[in-house]
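Read off the chains here:
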Amino acid sequence: MAKPVLLTVDDDREVLRAIERDLRRKYASDYRVLRAESGEEAMGIVRELKVRNNAIALFLVDQRMPGLSGVEFLAQAGTLFPDAKRVLLTAYADTDAAIAAINEAGVDHYLLKPWDPPEENLYPILDELLEDWQAAFPPPFEGIRVLGNRWSPASHNIKDFLARNHVPYQWMDIETTEADPEVRDLVGLLEEEETRNLPVVIFPNGLRLRQPTLAELAEHAGLKTKATEAFYDLAIVGGGPAGLAAAVYGASEGLRTVMIEREAPGGQAGMSSRIENYLGFPSGLTGADLARRAVVQARRFGVEIISAEATALRVDGPYRFLQLANGAELSCHVLLVATGVQWRKLGVPGVERLTGAGIYYGAAITEAMSTRDEDVYVVGGANSAGQAAMYFSKYARRVVMLVRGPSLSTTMSQYLINQLKATSNIQIEFNSSVVEAHGKDHLEAISIYCATTNEVNTVPANSLFIMIGAEPNTDWLADIVERDERGFIYSGSHLVRDGKRPNGWKLDRDPALLETSVPGVFVVGDVRHGSVKRVASGVGEGSVAISFVHQYLSKVV
Ligand SMILES: Cc1cc2nc3c(=O)[nH]c(=O)nc-3n(C[C@H](O)[C@H](O)[C@H](O)COP(=O)(O)OP(=O)(O)OC[C@H]3O[C@@H](n4cnc5c(N)ncnc54)[C@H](O)[C@@H]3O)c2cc1C
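Residues numbered from 1 in each chain as written. Predicted model: local features only at pLDDT ≥ 70, side-chain atom pairs only at ≥ 80, totals over all residues. Heavy atoms only, no water.

**Side note on the pattern of salt bridges**
- According to the stated counting rule, one finds 33 salt bridges in the structure shown.
- Of the charged contacts, one joins Asp 62 and Lys 113 as a salt bridge, the two residues approaching to 3.0 Å between their closest N and O atoms. One end of the pair, Asp 62, is in strand E3 (residues 56–62); the other, Lys 113, is in the loop between strand E5 (109–112) and helix H5 (118–121), with 51 residues separating them in the sequence.
- Residue Asp 62 is classed as buried on the basis of its relative accessible area of 4%.
- We classify Lys 113 as partly exposed; its relative accessible area is 27%.
- Across the pair Asp 160 and Arg 164 runs a salt bridge, and its minimum N-O distance is 3.6 Å. With Asp 160 and Arg 164 both in helix H7 (residues 153–164) and 4 residues apart, the pair spans about one turn of that helix.
- Its relative accessible area of 18% is what places Asp 160 among the buried residues.
- Residue Arg 164 is classed as buried on the basis of its relative accessible area of 13%.
- One connected set of salt bridges, linked through shared partners, spans Asp 160, Arg 164, Arg 262, Glu 263 and Glu 309. (Salt bridge = Lys/Arg side-chain N within 4 Å of Asp/Glu carboxyl O. Helix = DSSP H or I, 4+ residues; strand = E, 2+ residues; numbered from the N terminus. Buried < 20%, exposed > 50% of the residue type's maximum accessible area, 1.4 Å probe, protein only.)

**What about the sheet that holds strand E8 (residues 200–202)?**
- The mixed open sheet is built from 4 strands, whose spatial order is E7-E6-E8-E9. Both outer strands of the open sheet, strand E7 (169–173) and strand E9 (208–210), are each paired with one neighbouring strand and no more. Strand-to-strand twist of the sheet, defined as the mean angle between neighbouring strand axes without regard to direction, takes the value 20°.
- Pairing between strand E6 (residues 144–148) and E8: 3 bridges, direction antiparallel. Residue pairing for E8: Leu 147 is matched across the bridge by Val 200.
- Of the strands in this sheet, E6, E7 and E8 touch H7, which is tilted by about 160° from E7.
- Packed on one face of the sheet, helix H8 (residues 181–189) meets E6, E7 and E8 and runs near 85° to E7. (Pairing = 2+ DSSP bridges. Axes fitted to C-alpha atoms, helices over the stretch in contact; angles between N-to-C directions. Contact = heavy atoms within 4.5 Å.)

What follows is the structure, encoded as structure tokens:
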């Protein structure tokens, strides 16, 4: 935490230097001592500290200054830092004014100049005030703050990115400006240009980014966006359970390993509000917890984790070159593709336009708090939709699941069906699908078609979470590895048809289990053709793949 500030203001330079010296001598180890030569200059410092969310513990201010007087300054600065202790420095002749200021500007104490020796006339008073301040003071939030609008897709993406990368942040909704003094203060201090171009991200060092891209955010939030080496034994694209498991096994077995993840480690599993069937966690664990633990484990073994998107692969003899969206390139002996799947889009009118403004793909856990006491609609009938409904039921007034089929029994695990049935504020509507989304700048209503009655009903809705299956995003590998008609990547025995090896395959052996149609390029997890789409199977494949990687490397290196 940044040290709280002691701010001293005096237009007489010599006096100012003397106060600063005395303050530093006694308090420098616990406080930051700042000084200003006028009330106006001091207000500039105060505003900047407020934007950075730094704390001011004490103002020590001369009363008689040109421009803003001490009392006037304290009254203004006190609106931004109401808890800071206020001490006025006065000459003997101004004692009456100082006494009046005790009421007027809430002054805690006045000190007569000169205060020598400080051990007798300054420190005992300040010690007492600072002790009081420490005892009552709630430390301010020290991390990144995001000021935006609840209904803005850009704000949602930023919150989601930071949350999933475990970067602490404070969300400040501009719509609460009137009700929330903290938001009001911040809005008042930013340039008009900034509040017109939300979201704005404010870093503890004062840096402000207006409508940043995720790559810019990653760079400034301390995530690594460039590889430190030019060459690795093993490069993994995708940091879901499969990629993370491969990273842990690869690095722990001595391979120089880099893992490239475009959003956040954890992948789909990281978005799960509760994984109940992963071995060894009898009461379940959140996907975020699983991801956090796996990242710590991977880092401990020396895996380099890079926040970037892989956009192209080039194969040149025994080397594989990976192109990243940020323009960087890295090379490796073995590439492991663990890019998983993405949510299938719901192609009905209004949905694309309102995505991020009340409509979300996946459980969008960051939005849960804002659904408090509202009705939430969840589209889908598989485990992910069931988990999301359970999660939102803790916040929302009512959760309505819209399921296209007539039952859940073939699409959802029985334990989840039992939980849904036992939760009083969850309602399941079968044979129902969303056919249109309505709203000007955010979702306001949805039209639902019921196949049983053949009717369409339009109901008010502010939150719609869509979980209707998934598809792989492997276009960047299209001309390189063999894929099925939906884009899932073939591996191992799937590539040998009628005894024939894949086109262009020159080795005197069949592709290994989990190896693609290009030697030294492996595929694991949900993106693999024929995979079982579960956390444990992704983890299993990621771990097993490493033994084939070793076999491959033993022949090329
Ligand atoms: C809400 C939800 C709940 C679930 N609950 C359970 C459960 O309870 N139990 C269970 O067993 N399974 C559950 N699943 C399924 C499970 O999460 C998946 O099977 C598992 O996450 C697949 O892991 P993966 O590593 O193959 O891929 P993913 O988890 O999809 O990870 C792939 C990663 O690759 C990244 N990526 C993609 N393309 C690129 C690129 N070009 N460059 C860089 N990075 C890229 C993505 O950002 C992503 O992080 C759930 C899934 C969801 C969505």
